[in-house]
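# Examination of the molecular architecture
Residues per chain are reported as follows:
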Amino acid sequence: MPATKQLSDIIQGCINASRESQKELYKRYYGFSMSICMRYCDSQDDAMELVNDGFLKVFRSLAGFVPRSENIEASLMAWLKSIMVHTAIDHYRKHKNDYLVKEIEEEHYGLQDAAANALDAMSHKEILQLLQRLSPVYRTVFNLYVLDGYKHEEIAKKLNISTGTSKSNLAKARANIQKMLKEANLKLYEQRKAI
């Protein structure tokens with residue numbers, strides 16, 4: 001059976017509330033969904049909670065899914081990514097009062113990303129660990145702006161913050177990442193020196 005036909009059958013099975021089809025869809029796209037949610041969470045347990053919440057939304061709204069192209073899988077993955085990102089945003093909003101949100105002066109917005117070369121040398125896992133060390137506020141804005149392509153106005157609307165706060169949090173996230181990269185490079189240098 002061609003992959004497109006098989007995926008269409010799985011989707012239809014999910015719409016018909018087939019547990020077997022839901023299990024198959026979950027299994028196929030768990031890793032993809034987890035990779036998105038891990039960017040927004042402190043731990044794997046939190047990310048798994050987001051993935052499960054996201055899949056509940058997927059199963060509830062799959063009947064309304066309309067592929068945007070002939071490539072059903074690509075359309076499904078884009079739709080799935082959108083649901084996972086919005087689930088992460090909902091999670092952030094739910095816990096928003098737990099986080100500190102501040103604005104900083106306009107001159108901090110233009111910080112140079114001097115650590116770009118260090119990022120090039122890091123593995124995906126190391127970058128993910130670096131992102132997870134950011135505060136939830138900084139991590140959410142950084143992910144939405146840098147990785148998911150939202151504009152500050154969109155982020156501000158989604159997170160119920162001002163555009164200035166979004167810009168401020170992005171600048172602080174970048175500054176914190178630069179600081180962490182410098183610390184990592186210093187530790188690496190000290191380890192090499194000791195050898």
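To be clear, the structure that these remarks concern was listed above.
### Some points on the environment of Ile83
- You can see Ile83 is positioned in helix α4 (residues 72-94).
- Looking at Ile83, the relative accessible area reads 13%, which means it is buried.
- Beyond its immediate chain neighbours, meaning those up to four positions away, Ile83 contacts Gly54, Lys57, Val58 and Ser61.

### Details of the packing of helix α7 (residues 136-147) against helix α8 (residues 152-159)
- For the pair α7 and α8, the least separation of the axes is 10 Å and the interaxial angle reads 140°. When the interaxial angle is binned, α7 and α8 end up oblique. For the crossing formed where α7 meets α8, the hand is right-handed. Here α7 contributes Thr140, Val141, Leu144 and Tyr145 to the contact with α8, which in turn contributes His152, Ile155 and Leu159.
- Considered class by class, the residues forming the contact of α7 with α8 number 5 nonpolar, 2 polar and no charged.

### Considerations on unusual backbone geometry
- Backbone geometry places Ala17, a non-glycine residue, at a positive phi of 65°.
- Among the structural elements, Ala17 can be located in the loop between α1 (3-15) and α2 (19-38).

Calculation notes
Residues numbered from 1 in each chain as written. Predicted model: local features only at pLDDT ≥ 70, side-chain atom pairs only at ≥ 80, totals over all residues. Heavy atoms only, no water. Helix = DSSP H or I, 4+ residues; strand = E, 2+ residues; numbered from the N terminus. Buried < 20%, exposed > 50% of the residue type's maximum accessible area, 1.4 Å probe, protein only. Contact = heavy atoms within 4.5 Å. Axes fitted to C-alpha atoms, helices over the stretch in contact; angles between N-to-C directions. Parallel < 35°, antiparallel > 145°, perpendicular 65-115°, else oblique. Left-handed = near helix turned anticlockwise from the far one by under 90°. Nonpolar A, V, L, I, M, F, W, Y, C, P; charged D, E, K, R; others polar.

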